[in-house]
Amino acid sequence: MKCPYCEKEMREGYLYGSKDGAFSFSNEIPGVFSNAKNEEGFIQITKLKAGHRISVKAYVCEECKKVIFDY
Ligand SMILES: [Zn+2]
């Protein structure tokens, strides 16, 4: 995949999280004690997978400091 910013080839790899948390997306960062699924614009990026690190295939451009991934 080519970087949309500098158009150089991006490096393929995995974006992953801590053992206890999956990646999600929303308009604002929800409070620690609120259910993130109720946050406006919520999108689940990764599912929790017991016994595995949460990960998603990703492409990185170290020059532009950009990461691109599908969910
Ligand atoms: Zn780039």
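It should be noted that the structure appears before, not after, this text.
This structure is a prediction, so every number in the text was calculated from the model and none was measured. The residue numbering used here restarts from 1 in each chain and proceeds along that chain's sequence as written. Given that this is a predicted model, residues contribute local features only at a pLDDT of at least 70 and side-chain atom pairs are listed and counted only at 80 or more, while totals for whole chains, interfaces and linings are drawn from all residues. For the side-chain quantities, the full set of heavy atoms in the structure was used; hydrogens and water were omitted.

> Can you explain the pattern of salt bridges? Please cite residues and give values.
The rule for a salt bridge is simple: a side-chain nitrogen of Lys or Arg has to be within 4 Å of a carboxyl oxygen of Asp or Glu. According to the stated counting rule, one finds four salt bridges in the structure shown. Where Glu63 meets Lys8, a salt bridge forms, and the shortest distance between an N and an O atom there is 2.7 Å. Remark: Lys8 occurs in the segment before strand S1 (11-16) and Glu63 occurs in the loop between strand S4 (55-61) and strand S5 (66-69); sequence separation between them is 55 residues. Accessible area is worked out with a 1.4 Å probe on protein chains only. A residue is then buried under 20% of its type maximum, exposed over 50%, and partly exposed in between. Residue Lys8 is classed as partly exposed on the basis of its relative accessible area, which comes to 45%. Note on conventions: DSSP H or I runs of at least 4 residues are helices, E runs of at least 2 residues are strands, and numbering of each starts at the N terminus.

> So what's going on with the pairing of S5? Which residues, and what values?
With four bridges joining them, S4 and S5 adopt antiparallel strand pairing. Looking at S5, one finds that Tyr59 is bridged to Ile68. Following S4, the chain reverses through four residues before pairing antiparallel with S5; Lys65 in that reversal takes a positive phi of roughly 55°. Paired strands are those between which DSSP finds at least two bridges.

> With reference to specific residues and values, describe the coordination of the zinc ion.
Each pair of donors in an ideal four-coordinate tetrahedral metal site encloses 109.5 degrees, whereas pairs in an ideal six-coordinate octahedral site enclose 90 or 180 degrees. Nitrogen, oxygen and sulfur within 2.8 Å of a metal are treated as its donors, or within 3.2 Å for sodium, potassium and calcium (Na, K, Ca); water is not counted, so a site can appear incomplete. Distances from the zinc ion to its protein donors, Cys3 (SG), Cys6 (SG), Cys61 (SG) and Cys64 (SG), fall within 2.3 Å. Around the zinc ion sit four donor atoms; with metal-centred angles ranging over 107 to 113°, the donor geometry is tetrahedral. Angle rules define the geometry names used: all angles between 85 and 135 degrees makes four donors tetrahedral, while opposite donors over 155 degrees apart and all other angles between 65 and 115 make four donors square planar and six octahedral, leaving every other case irregular.

> I'd like a rundown of the packing of aromatic side chains, residues and numbers included.
Two aromatic rings from Phe, Tyr or Trp, using only the six-membered ring of Trp, form a pair when their centres are within 6.5 Å; if the ring planes differ by under 30 degrees the pair is stacked, by over 60 it is edge-to-face, and anything between is tilted. Here the structure, examined in full by the defined rule, presents zero aromatic pairs. Here the basic side chain of Lys66 rests over the ring of Tyr5, its NZ or CZ set 4.7 Å away from the ring centre. Sitting over a ring, as applied to charges here, requires NZ of Lys or CZ of Arg to be within 6 Å of the ring centre and within 35 degrees of the ring normal.

> Run through the pairing of S1, naming residues and quoting values.
Across the six residues of S1, zero count as buried, placing the element largely on the outside. Note that S1 and S4 share six bridges and pair antiparallel. Directly across from Glu12, in S4, lies its bridge partner Tyr59.

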